[in-house]
Amino acid sequence: MNIRKRLYSTVTVVFGLAGLFGAMSAQAALFDPKPDCNFGGAFEPIVLPNAVLSTKISGICLLCGIDGAANVIDRNRTSFATLRTTVGVLSAVSLSVTDTSTRYVAGPLSPRRVGFAVRDIDKLLSLDLLRGAKVTTSLNGVDRQEFTVNGLLKLDLFGLLNKMDFFVLGGVATQDFDAVRISFGSVARALTELRVYGACVQSQS
């Protein structure tokens, strides 16, 4: 068994336990150290023509914003949006992707991983620095499940620290959804810039 298969198996177990009951404010984590979020891959991207994008900035922050938001739903898998916040400012930016053609079915006995392919350009990534991020699923405009970062987990459990700067941030959905949202708010010691490449949903087995 090669290293990637061992990592994949380990993370699958962690996600299965974290998402068993599908409770709100569940633990978010990183899965698949080299995410295959592409057409026909382990994770399928939500893209045009069926994807609808929305963005929001909450709070007062002159330097907060989202650059290139539309890149998240185009079919070019190398393009990205940049989410920017400011340390110490009570604000957050969020980006939501809705699939107008699909209701993703998930349940306690058939969980489905969902999240966003992201990148930390400074390569200083740790779960502690990601405490300002969360991922939320929704159905017909109603929030279903929320995945937040648990600072007790460390990236080096998955052999990623200082080795990989691409990952998928999300959780295991145990309730149906048709949209997924990433929110990025700056807190002490948090990242202030995150590249988002797309919304990714686990492919049907």
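The paragraphs below set out a description of the structure included in this document. If you're wondering where the values come from, they're calculated on a predicted model, not measured in any experiment. (Residues numbered from 1 in each chain as written. Predicted model: local features only at pLDDT ≥ 70, side-chain atom pairs only at ≥ 80, totals over all residues. Heavy atoms only, no water.)

Attention now goes to the state of the cysteines. Tallying each qualifying case throughout the model produces one disulfide. At a sulfur-sulfur separation of 2.1 Å, the disulfide partner of Cys37 is Cys200. Handedness of the Cys37-Cys200 disulfide follows from its S-S torsion of about -105°: it is left-handed. A residue pair is termed long-range when its members are at least 10 positions apart, and Cys37 in the loop between β1 (26–31) and β2 (43–45) and Cys200 in strand β12 (residues 193–202) qualify at 163 residues. Across this residue pair, the class does not change: Cys37 and Cys200 are buried. (Disulfide = S-S within 2.5 Å. Helix = DSSP H or I, 4+ residues; strand = E, 2+ residues; numbered from the N terminus. Buried < 20%, exposed > 50% of the residue type's maximum accessible area, 1.4 Å probe, protein only.)

Taken as a whole and assessed by the stated rule, the structure comprises two aromatic pairs. Geometrically, the ring pair formed by Phe80 and Tyr197 is tilted, given 5.2 Å between the ring centres and 45° between the ring planes. Note that Phe80 is positioned in the loop between β4 (65–67) and β5 (81–84) and Tyr197 in strand β12, a separation of 117 residues in sequence. Classification of Phe80 as partly exposed rests on a relative accessible area of 25%. Using a relative accessible area of 7% as the deciding quantity, one classes Tyr197 as buried. Taken together, a centroid distance of 5.2 Å and an interplanar angle of 20° make the contact between Tyr104 and Phe177 stacked. Of this pair, Tyr104 sits in the loop between β6 (92–99) and β7 (112–119) while Phe177 sits in the loop between β10 (166–173) and β11 (179–185), and the two are 73 residues apart along the sequence. Across this residue pair, the class does not change: Tyr104 and Phe177 are buried. (Phe/Tyr/Trp six-rings, centres within 6.5 Å; stacked < 30°, edge-to-face > 60°.)

If you trace the backbone, Ser138 turns up in strand β8 (residues 133–139). What makes Ser138 buried here is its relative accessible area of 8%. With sequence-adjacent residues up to four places away left out, Ser138 is seen in contact with Asp143, Arg144, Phe177, Asp178 and Ala179. (Contact = heavy atoms within 4.5 Å.)

Following the sequence through the fold, Asp67 ends up in strand β4. We classify Asp67 as partly exposed; its relative accessible area is 38%. Each C-alpha atom of the pair Asp67 and Arg84 lies 8.2 Å from the other, and the pair is 17 residues apart in sequence.

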